[in-house]
Amino acid sequence: MTIIRRAIFLITMLGLSGCVTLVRGDAPVLDLSQHAYIAGFAPDVRMSGSDNTEFLARTGSTIKRLQARSGDDAIDILALSGGGAGGAFGAGAIVGLTYSGKRPEFEIVTGVSTGALIAPFAFLGPEWDDELTDAYTGGMSAGIIGRPGIGTMFRVGVFDDASLRSLIDHFVTRELIDAVAKEATDGRMLLAATTNLDSEETVIWDLGAIARRGGEPARKLFVNVLVASSSVPGVFPPVMFDVDAASGTYQEMHVDGGTTVPFFIAPHAAFVAEEKVAALKDVNIYVIINGQLGTLPRATPVSTVPITMRGFSVVLMHMARTELALTASFASQHGMKLKFASIPVAMRFAGSLDFETASMRNLFSFAQACAANDLLWLDVKDALAQARGADSSEADCGNGAPPAEPASQTATE
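The paragraphs below set out a description of the structure included in this document. Nothing here was measured: the structure is a model prediction, and the numbers come from that model.

### Comments concerning the overall build of the protein
Here comes step 1: Scanning the protein for helices and strands turns up 13 helices and 10 strands.
Here comes step 2: Burial status across the protein gives 52% buried among its 413 residues.
Here comes step 3: Sequence separation of at least 24 residues holds for 81% of the intrachain contacts in the protein that already meet a minimum separation of 6.
Here comes step 4: Counting only carbon and sulfur atoms, one obtains 54% of the accessible surface of the protein, whose full area is about 18,100 Å².

### What to know about the nonpolar core
Here comes step 1: Tyr 136, Ile 210 and Phe 222 are the most contacted members of the largest nonpolar core, which has 77 residues in total.
Here comes step 2: When residues no more than four places from it in sequence are discounted, the contact partners of Ile 210 are Phe 41, Val 45, Trp 205, Ala 218, Leu 221, Phe 222 and Val 225.
Here comes step 3: Among the nonpolar cores identified, the runner-up in size contains 31 residues, and Ile 75, Ile 108, Ala 266 and Leu 324 belong to it.

### Digging into the packing of aromatic side chains
Here comes step 1: Under the counting rule described, the total for this entry stands at five aromatic pairs.
Here comes step 2: Relative to Tyr 286, the ring of Phe 106 lies with its centre 5.5 Å away and its plane at 75°, an arrangement referred to as edge-to-face. You can see Phe 106 sitting in the loop between helix H3 (87-100) and strand S4 (108-112) and its partner Tyr 286 sitting in strand S9 (residues 283-289), a full 180 residues away along the chain.
Here comes step 3: Considering the side-chain rings of Trp 205 and Phe 241, the 4.9 Å spacing of their centres and the 35° angle between planes classify their relative orientation as tilted. In this pair, Trp 205 is assigned in strand S6 (residues 201-206) and Phe 241 in strand S7 (residues 239-245), connecting sequence segments 36 residues apart.
Here comes step 4: Exposure remark for Phe 241: the relative accessible area of 3% places this residue in the buried category.
Here comes step 5: Three or more aromatic residues link up through ring pairs in this structure, and these residues are Phe 106, Tyr 286 and Trp 377.

### Topic: unusual backbone geometry
Here comes step 1: Of note, the phi angle at Ser 113 is positive, near 55°, even though the residue is not glycine.
Here comes step 2: Counting through the fold element by element, Ser 113 comes out in the loop between S4 and helix H4 (114-124).
Here comes step 3: Overall, the relative accessible area of 6% leaves Ser 113 in the buried class.

### What about H4?
Here comes step 1: Buried residues dominate H4, accounting for 11 of its 11 residues.
Here comes step 2: All of the buried residues in H4 are Thr 114, Gly 115, Ala 116, Leu 117, Ile 118, Ala 119, Pro 120, Phe 121, Ala 122, Phe 123 and Leu 124.

### Notes on the packing of H3 against helix H5 (residues 129-137)
Here comes step 1: The interhelical angle for the contact between H3 and H5, taken along N-to-C directions, is 155°, at an axis separation of 10 Å. When the axes of H3 and H5 are compared, the pair comes out roughly antiparallel. Handedness of the crossing formed by H3 with H5: left-handed. On H5, the residues touching Gly 87, Ala 88, Ala 91, Ile 94, Val 95 and Thr 98 of H3 are Asp 129, Leu 132, Thr 133 and Tyr 136.

Cut-offs applied
Residues numbered from 1 in each chain as written. Predicted model: local features only at pLDDT ≥ 70, side-chain atom pairs only at ≥ 80, totals over all residues. Heavy atoms only, no water. Helix = DSSP H or I, 4+ residues; strand = E, 2+ residues; numbered from the N terminus. Buried < 20%, exposed > 50% of the residue type's maximum accessible area, 1.4 Å probe, protein only. Contact = heavy atoms within 4.5 Å. Areas by Shrake-Rupley, 256 points an atom, 1.4 Å probe, with all protein chains shown as cover. Core = buried A, V, L, I, M, F, W, Y, C linked by side-chain atoms within 4.5 Å. Phe/Tyr/Trp six-rings, centres within 6.5 Å; stacked < 30°, edge-to-face > 60°. Axes fitted to C-alpha atoms, helices over the stretch in contact; angles between N-to-C directions. Parallel < 35°, antiparallel > 145°, perpendicular 65-115°, else oblique. Left-handed = near helix turned anticlockwise from the far one by under 90°.

Any link to function would need more than the numbers given here.
Take a look at the structure:
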């Protein structure tokens with residue numbers, strides 16, 4: 001089934017499945033966004049993405065500790081966006097940075113949707129490049145968007161999340177959890193975003209704090225967070241989290257973090273705050289957007305499905321542009337340096353639902369070559385200018401040439 005046919009079927013089934021509901025009790029209204037904790041875990045495993053006070057306080061104190069430990073070395077933060085199959089670009093870029101010999105040790109890594117899947121491997125370093133490569137080029141992702149059948153009308157979400165959950169469960173091993181816990185204990189931070197549909201707010205999960213809990217409960221929650229972060233509402237079923245609150249226990253409904261934020265460095269409230277955080281000086285921000293910031297003009301067919309799909313793509317693209325501009329302003333305000341990468345506008349890219357193995361391998365290899373040849377990063381002005389007017393040369397990064405052997409050591413910039 002082609003991507004277009006799948007899209008047609010998807011939209012048709014969304015209409016047919018409108019009467020299907022998930023039975024659940026009402027949650028205490030006052031506890032929807034505050035004072036509710038994941039059952040069996042400490043409160044610090046997550047925080048509100050709209051609460052700039054808590055988020056910045058925790059991030060700022062983390063940076064201060066890291067700066068004290070590293071001396072004069074700059075602190076490096078990596079933010080990975082959503083983008084579905086476009087995650088092959090981010091994965092290839094991370095592996096390519098190893099080949100370049102200029103891969104920083106990212107002290108803080110944040111991820112949304114497919115970016116959340118890449119984030120643990122980017123956080124753990126080059127020793128996990130083989131697992132990251134296999135996750136995006138090994139063929140397991142080809143079945144994420146399956147063939148929807150008549151059962152679609154009787155479940156929440158056009159596609160079930162069995163293949164997505166199986167993929168994540170396969171790579172989130174006890175060994176990975178232990179490795180993340182060790183790095184988090186050393187002061188580094190790994191964060192992922194979901195969207196709480198009940199409160200309609202972003203939720204930031206501290207995956208390091210979850211990993212430090214240890215054992216199978218930590219691994220299961222880690223997996224559930226990554227599944228939720230990648231579950232596009234209506235396409236995949238939401239993930240339910242059992243929570244405890246002063247007024248009782250209930251379940252929260254979480255979906256794709258990209259529903260509310262394409263990638264994140266800080267809460268939006270922090271972008272317009274007048275106060276500056278001194279600890280953010282001498283910090284490098286690296287943003288990888290697993291999609292395009294623009295497309296070459298093409299005629300849109302006068303038909304419901306193409307118009308709907310094109311409109312959805314436009315919303316996501318402009319959300320990413322806006323977030324990038326806000327992040328650039330935030331970085332400038334606090335004296336931080338910002339580097340940015342995305343899939344070139346002129347590159348042929350079938351979109352976030354193209355999980356065909358060959359397509360993902362091509363995108364992975366392209367980004368790997370870009371990074372290996374030190375051609376990955378742009379500044380924001382150049383990137384946004386390219387988004388408004390692409391030329392065909394933009395997709396020639398690295399000329400598609402395979403990189404040389406990986407450098408023996410990584411370097412911080």
